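# A closer look at the structure
Next come the chains, spelled out residue by residue.
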Amino acid sequence: YFTAPIFESIRKNRTEAVEVLFEGGADPLLIEEMTDCQPLEVALQEEKHGIVDLLSSRIPQEEVIKHVKTILLSGTTNKQMIQHLLGSG
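Sequence order sets the numbering: in each chain, residues are counted from 1 along the sequence as written. Only residues with pLDDT of at least 70 are given local features in this predicted model, and only at 80 or more are side-chain atom pairs given and counted; all residues enter the totals for whole chains, interfaces and linings. Excluding hydrogens and water, the side-chain figures rest on all heavy atoms present in the structure.

On to the pattern of salt bridges, then. By salt bridge we mean one thing: a side-chain nitrogen of Lys or Arg within 4 Å of a carboxyl oxygen of Asp or Glu. As enumerated under the stated definition, the model contains 2 salt bridges in all. Salt-bridge contacts for Glu8 lead to Arg11; the nearest nitrogen and oxygen are separated by 3.6 Å. A residue pair is termed a helical-turn pair when its members lie 3 or 4 positions apart in one helix, as Glu8 and Arg11 do in helix H1 (residues 5–11) at 3 residues. Only protein chains enter the accessibility calculation, which uses a 1.4 Å probe; a residue whose area is less than 20% of its type maximum is buried, one above 50% is exposed, and one in between is partly exposed. For Glu8, a relative accessible area of 25% translates into the label partly exposed. Of the charged contacts in the structure, one is a salt bridge between Arg11 and Glu32, with a shortest N-O distance of 2.8 Å. Taken together, the residues span a long stretch of sequence, with Arg11 in helix H1 and Glu32 in the loop between helix H2 (15–23) and helix H3 (39–45) at a distance of 21 residues. Secondary structure elements follow DSSP: runs of H or I no shorter than four residues count as helices, runs of E no shorter than two count as strands, and numbering proceeds from the N terminus.

Written out as structure tokens, the structure reads:
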């Protein structure tokens, strides 16, 4: 595989391994070569909510917000909610 240990740890839901990798200097904004995704994106796609929380505490809030808004918009058909979210930036 063309991936880094952080991505495999996320996919296998190994929260402790993700923590150890961060303590060892793993980059929470690393882009995976085979998917062009960052760790937070992979955790969201794989529905690893504990790891999403961990990553959210390790990366700049503007990165978190970028991905959370994408998830909110893709999961709803409520036009009023979408307009409100888009209007709020």
